[in-house]
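Secondary and tertiary structure notes
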Amino acid sequence: MGVEAHATNERATGRTWTVRLDPVGRGRADVRVSCSRPACAAQVLPSAAVGRTAAVEHLKAHLRAGPAPRPSAYCACRAEECHTHIRPAGPRERPAPWRCGGAVVLAVVTDREGRWWQVMECCSRCAAAHPTAKIAATAPAPDRTAPADAYRASAAPVPTVPAVGPHFSHTASGAATVPHEVPAPRAERPPRPTRQRARRGRIAQRFVPHELRPVALRDELTELGELFRAYQQRAEPDLAVLAGLHARKAKAFRAWAEVTADTGLRLDAERAEQAAATARLQHLHRSGQAPEGDGPAVARLLTASAQWNHARAVLTHVADHSPLPGPGARLLVVMLTLRTAQSGVGNLVGQDLKGLPLPDPEHLVGQLVECGWLDIAGTVDELIASRPENPTRIGVPSLTPDESDPGPFTFGRKMRPKLSGWAQRVVGEKKLRKAKTAADARLLALALATGVSLDGQLGPEGEGLPLEALASWCAVTPAELLELVDRLTATDWLTEVAVTDTVLTGRLTERVLPLSCPLT
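Report follows, based on the coordinates. (Residues numbered from 1 in each chain as written. Predicted model: local features only at pLDDT ≥ 70, side-chain atom pairs only at ≥ 80, totals over all residues. Heavy atoms only, no water.)

1. Focus: helix 7 (residues 239-260)
The criterion, for reference: For helices the rule is a DSSP run of H or I covering at least 4 residues; for strands it is a run of E covering at least 2, with both sets numbered from the N terminus onward. Expected helix span is given by 1.5 Å per residue-to-residue step, counting one fewer step than there are residues. Think of a polar contact as two N or O atoms within 3.5 Å of one another; within protein, one of them needs to be a possible hydrogen donor and the other a possible acceptor, and neighboring residues in sequence only count if both atoms come from side chains.
The terminal C-alpha atoms of helix 7, which comprises 22 residues, lie 31 Å apart, in line with the 32 Å expected from a rise of 1.5 Å per residue. Between the side-chain oxygen of the N-cap and the backbone nitrogen of Ala240 there are 3.2 Å, and the N-cap of helix 7 in question is Asp238. Two residues or fewer past helix 7, Ala261 is found with a positive phi of approximately 55°.

Structural data, given as structure tokens:
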């Protein structure tokens, strides 16, 4: 009977996965379709309509190929403690949580805008509570081999009734008198120990069963869930602590998977191992240590992947919205955008313009003012003559946020000077200044610094960068781009260079790796 009861209580948590449709970048038409299942790779498609069609077909393929809903599955909505199903309280009643019931179904829930589709293995009541849910499949009725009453009859013995009836304190008339003895006082019994209910742990949207054995594994999973929730409440992140928690989670989930033979737990263990390795590597980079003792780590000027992505976002925005042609104007727009990116306004002095490799900065500033892209307080001559103790106020109307448009960038006030300082370091790098390289070469240096892997190879995983995109960014022709590559090689920026008809491969030298923003 113990084995059967254990099998009855073990219920697998309902499956759930999500297909999403997200924009690739601000101001771009292409979209990314991603699926939360680990075996599905993301796709980049040219438009939202094409991406929505592909997302729906991807979801239908999963539903056709996947298994049917399981009759004994634990409702996914209830496992995630979904608050959508709490009935609102009336004037004289308390709010009551939703009660699961009905057959287990595969329900497809989507948002009104068609940006995500979620499949849940849940009960029919929970599916009915979602206004946009559609039932894709229903589990068959469970096969009950014996009725519950028969099971209870076989499991619990029926007590026998004694043949002798109860005795009373009085005797019937005519009955013989029986001597009455006073019973001895009962000895005081020790108080019964109060039974404490075991803690019900929760980790990674999963409940830890009370009956999970060994007990040490159950306690480890419960403690890990509490530690992860405590980490989320920290004021400052600690990547070393986070890496340790993910490593413990991977070990515990692997043991849990061996006990229950659950493939989902084994996949969660693999994902936890990857998360631990990523957090550990990020900690080593931020602390300036070497990963796995492979020599000194690169002490980059921008230290986090979020900062690298913001730098690429600024360069992409300038490439798409540059108001004037030519590499000189493009470089000036980059520097002014970084000065005004967060609020649309900033301060500028004459030395900031004179330090750029521009043959006629006054003329370029005047053109930006005439076309309406730039506003300055005063004249162009006053801007060129201004000094640090009396800077000139400048503004870029297209970057100024308002109620309807928050602006093209999402970083805050503290991030903007870091990005501006990084761009000034790249553009004003010592050997580039000594070689008197022009604006087009400095633009190529910015592009290469933001298009490398962690070890400095050009392109993702050293695959190289497309020549056409680099030439377009530098505002030059592909033939002129090859000359710029030679200049950067001569100034010890590039090494191991190889150029094909379409791709530039190579790597940044160790000297300029601290200025790089790796692709992650």
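2. A few points about the nonpolar core
Our working definition: Here, the term nonpolar core denotes a set of buried Ala, Val, Leu, Ile, Met, Phe, Trp, Tyr and Cys residues that are joined through side-chain atoms within 4.5 Å. When accessible area is computed with a 1.4 Å probe and restricted to protein chains, residues below 20% of their type maximum are described as buried, those above 50% as exposed, and intermediate ones as partly exposed. Here, two residues are considered to be in contact whenever any of their heavy atoms come within 4.5 Å of each other.
Judged by nonpolar contacts, the single largest core of 72 residues is most densely connected at Leu332, Leu374, Trp422, Leu444, Leu448 and Trp493. Of the residues forming this core, the biggest block, nine residues, is contributed by helix 16 (residues 439-449). Ignoring sequence-local partners within four residues, the contact set of Trp422 consists of Leu301, Leu302, Ala311, Leu446, Ala449, Thr450, Leu515 and Cys517. Membership of the second largest hydrophobic core comes to 19 residues, among which are Leu212, Leu224, Leu242 and Ala243.

3. Side note on the pairing of strand 4 (residues 104-110)
Which entries qualify depends on this criterion: The pairing criterion for strands is at least two bridges between them, as found by DSSP.
When you tally the buried positions in strand 4, you get six out of seven residues, the bulk of the element. Between the antiparallel neighbours strand 4 and strand 5 (residues 116-123) lie five residues, among them Gly114 with a positive phi of about 70°. Both strand 4 and strand 6 (residues 134-138) contribute to a ladder of four bridges, which runs antiparallel. Note that in strand 6 the partner of Val108 across the bridge is Lys134.

4. Observations concerning the sheet that holds strand 12 (residues 465-466)
As summarised here, the arrangement of the three strands in space is 12-14-13, forming an open sheet in which the pairing is antiparallel. Edge positions in the sheet fall to strand 12 and strand 13 (494-499), since each of these pairs with one other strand and no more. Two strands pair when backbone bridges link them, and strand 12 and strand 14 (residues 503-508) are joined in this way by two bridges, in the antiparallel orientation. Paired with Leu465 across the two strands is Leu504, which belongs to strand 14.

5. Some remarks on the side chain of Arg312
The condition is simple: In summary, the charge assignment counts Lys and Arg as positive and Asp and Glu as negative, without counting His or the chain termini. We count a salt bridge whenever a side-chain nitrogen from Lys or Arg sits within 4 Å of a carboxyl oxygen from Asp or Glu.
Take Arg312: it is sitting in helix 9 (residues 305-321). Among buried Asp, Glu, Lys and Arg side chains, Arg312 stands out as unpaired, with Asp455 the closest opposite charge at 12 Å. Within the local environment of Arg312, its side chain forms a polar contact with the backbone oxygen of Cys517, the two atoms lying 2.7 Å apart. When near neighbours in sequence (up to four residues on either side) are disregarded, Arg312 contacts Thr450, Cys517, Pro518 and Leu519.

6. Considerations on the packing of aromatic side chains
This is how it is decided: Aromatic pairing here means that ring centres of Phe, Tyr or Trp (its six-membered ring) are within 6.5 Å. Orientation follows from the plane angle: under 30 degrees is stacked, over 60 is edge-to-face, and everything else is tilted.
Within this structure, the stated rule accounts for two aromatic pairs. Geometrically, the ring pair formed by Phe253 and Trp256 is edge-to-face, given 5.6 Å between the ring centres and 80° between the ring planes. Of this pair, Phe253 and Trp256 both sit in helix 7, three residues apart, which is roughly one turn of that helix. Judged on exposure class, the residue Phe253 and its partner Trp256 are both buried. Both rings, one in Phe409 and one in Phe411, keep their centres 5.5 Å apart while their planes meet at 20°; by these two values the pair is stacked. With a relative accessible area of 7%, Phe411 lands in the buried category.

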